[in-house]
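Observations on the three-dimensional arrangement
One-letter residues, chain by chain:
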Amino acid sequence: MSEGIMSQRAPDMTDTVVTTSVGADHGHPVDLMLDGDPDTFYRSAAHPKRDDWVMLDFGAPRAIGAVTLLLGSGTGQWTLHSGVLEYSDDSTGWTELATVPSGVATFHHYADTPVTARYLRLLCLADQGYRVAIRSFEVRAPGLLPPSVAPAPFPLRVSTFAVPAYGKLVFSFTGPAGSNASTAVRCKSILIKVPTGRRPEALTSAPARIRSGAAPVAGEEQGYHWNVTRLSTDPEVTVFRCRPEVTARFHAGWTLTISLASIEMNGAAGTAWIDIEEETALPDSPDAFTTRVSRYAAAKSADEFYFENLRPRSAVVGWNQPIDLLWHGSGNAQYRMYFRDVDGKETSVEVDNGFWTTPRCTQNANFTLEATTSGGQKRYLTTSVKVEGGAIDAASLRVTGTLTTPRITAEDGQVIEFAGTSLHTVHGNLTVESDGELVCAHPVNVGGDVEIEGKVTGADRIEASSDFFTGRRLSVREVAVALLDLQSSPSYGWSGGSQSVIYVLVASSTADGPSMSRMELDHGNAKIVAEAKADSGDTAAAVLVASPGCYVVARAHQPDSAQGTKHEFKPRGRSW
């Protein structure tokens, strides 16, 4: 442990001496942590080790009401890895006051019961590989004017989605018991700090709506008149500054009343700690004004649990669009939404109270909302959403890019053409009825069912570069392959999910008249049967029917044979 380095603080704690076991870096002496300027800081001369410390000696025992530490340089560097605050009367035996969390830049400790001690230290609990900086090590005494607070209603009620709740707090400040005009506490100002936001530890999320004021007082002794001003520089704390026209003198003979009314309570039950800072001086030191602190715990209670009116923002939503779901629910519950995702699987997500936006809807859907109370009880509401639009039934359709639709159908005499220069995607079902036609110049990726009873034609026909893929079912009755180049041994392949039936196409032709060819192929556990029938001079297609769960690629070639077309299959691929 290195030799302590000493410095005097000015001006608030002139009797306080600070020492440290790790020395001070050049230009960052220990007194900078006590100068009241958060832009300056003490920095250790070395990396602190376990049991190194920074200690305040007040010169005599004093009451400790609150401690504030500003750690690090202000830019995230040199924070404390692990530490604890301790107090002592003799600098030998120490008692823990509070644990300082690792890596924090700001740490506040308020003593529920103020302690009295001469020494206060920050102790390092572990070795760390970098220096430590302290911008402020501030100790404040407990308040001389701790107020009594009357909430209305009692307890305060939280707001609900449907009905806001309002509250009022009345603070009464009076001098110490038994005090009189000659032993009065002098006061220059009082700050009331209200935590704001939606969290349980905050009081309100609408501080601008609070009405504040002080009751009239009489004469110079009571400050003539108290002005209450709302300050709002911090989004998490709204400060009400209460200041007399002249320094007031508090004694047991009179009371200052300050009211905060029309407080719109937030919706989270819990306890909001309201800090009160007073700038006061003791009777025996009338010019030594010091900031002293006290606290009030404002308890917020939830009304009886309620849960109702789950509904979509509109009864109908367009295909592939999200929609907002709304409901009324208590703030003291947790909420979870159950629904089917785009793959049809049941899923659930935690949601905030009152509002949730669904994923994109491609079909009519049901949504179930679960509410769990603080006591563990569960309640459920269900609503449904109707999806309209998106399906395409056209006499003629030409697609050059991605097509997003729940269903596309080519009825009798209609044509669906996929043109363009790249892969085409149909997010939905593709149906070609018996007299309809599908023209595909390039690969087509279908997310739903593929039902083809009519012709499939096109410049490239169906070959390895123009496979059909579907996650459900692929069925093809007839495919025209007039431009199929058998000499180049094109590949054909279709894959499906666990419920799929896979169909593979082959070609057959003859110049002597109608013919029929048939082939059976065993591939693992799958039996593939191919038949092709063609009229004279035509080229026709066959269908290979494979059992579910396999993947097959078939090659076809045309050998030199006067007896018509022969088909050979060289399966390659894998099963799953």
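Since the model is a prediction, treat every value here as computed from it, not as a measurement. (Residues numbered from 1 in each chain as written. Predicted model: local features only at pLDDT ≥ 70, side-chain atom pairs only at ≥ 80, totals over all residues. Heavy atoms only, no water.)

**Observations concerning the overall build of the protein**
Tallying secondary structure elements over the protein gives zero helices and 45 strands in all. Taking all 576 residues of the protein together, the buried fraction comes to 45%. A separation of at least 24 residues holds for 60% of the contacts in the protein among residues at least 6 apart in sequence. Just so you have it, the protein exposes about 27900 Å², and 47% of that area is on carbon and sulfur atoms. (Helix = DSSP H or I, 4+ residues; strand = E, 2+ residues; numbered from the N terminus. Buried < 20%, exposed > 50% of the residue type's maximum accessible area, 1.4 Å probe, protein only. Contact = heavy atoms within 4.5 Å. Areas by Shrake-Rupley, 256 points an atom, 1.4 Å probe, with all protein chains shown as cover.)

**Here we look at the pairing of strand β7 (residues 106-124)**
Direction of pairing for strand β4 (residues 53-71) relative to β7: antiparallel, over a ladder of 13 bridges. What sits directly across from W53, in β7, is L123. Bridge count between strand β5 (residues 83-88) and β7: six bridges; the pairing is antiparallel. Across the sheet, residue E86 finds its bridge partner in β7, namely R121. (Pairing = 2+ DSSP bridges.)

**Description of the sheet that holds strand β17 (residues 255-264)**
Taken together, four strands build an open sheet; the order of strands is β9-β11-β17-β13 and the sheet is antiparallel. Looking at the sheet topology across the chains shown, the edges are occupied by β9 (148-152) and β13 (211-214). The average undirected angle you get between the axes of adjacent strands in this sheet is 15 degrees. Relative to strand β11 (residues 166-174), β9 is paired through five bridges, and the arrangement is antiparallel. Within β11, the residue paired with A152 across the bridge is K168. (Axes fitted to C-alpha atoms, helices over the stretch in contact; angles between N-to-C directions.)

**Considerations on the nonpolar core**
A general tendency of soluble globular proteins is for nonpolar side chains to be buried together. With 31 residues, the main nonpolar core has I192, L203 and W226 as its most contacted residues. Elements supplying a minimum of two residues to this core: β11, β12 (185-195), β14 (226-234), β15 (237-244), β16 (248-250), β17, β18 (270-281) and β19 (290-301). The element that contributes the greatest number of residues to this core is β12, accounting for five residues. Sequence-distant contacts of I192, that is, excluding residues within four places in its chain, are made with F171, T238, V239, F240, C242, I258, L260, I274 and D275. Formed by 29 residues, the second largest nonpolar core is a distinct cluster that contains Y42, F58, L97 and V139. (Core = buried A, V, L, I, M, F, W, Y, C linked by side-chain atoms within 4.5 Å.)

**A few points about the state of the cysteines**
Counted according to the given criterion, the structure contains zero disulfides. This cysteine, C242, is not joined by any disulfide, and C187 carries the nearest cysteine sulfur, 9.1 Å off. Residue C242 is classed as buried on the basis of its relative accessible area, which comes to 0%. (Disulfide = S-S within 2.5 Å.)

**Remarks on the side chain of S179**
For S179, the location among the structural elements is in the loop between β11 and β12. For S179, a relative accessible area of 11% puts it in the buried group. For S179, the side chain forms a polar contact with the main-chain nitrogen of A252, separated by 2.9 Å. Apart from residues no more than four positions distant in its own chain, S179 is found in contact with F250, H251 and A252. (Polar contact = N/O pair within 3.5 Å; in protein donor to acceptor, adjacent residues only side chain to side chain.)

**Digging into the sheet that holds strand β21 (residues 316-318)**
What the five strands build is an open sheet, ordered β21-β27-β26-β23-β24; its pairing is mixed. Every other strand in the sheet has two partners, leaving β21 and β24 (346-351) as the edge strands with one partner each. Averaged over neighbouring strand pairs, the angle between their axes works out to 30 degrees when direction is ignored. Bridge count between strand β23 (residues 333-340) and β24: six bridges; the pairing is antiparallel. Bridge pairing links F339 to T347 in β24.

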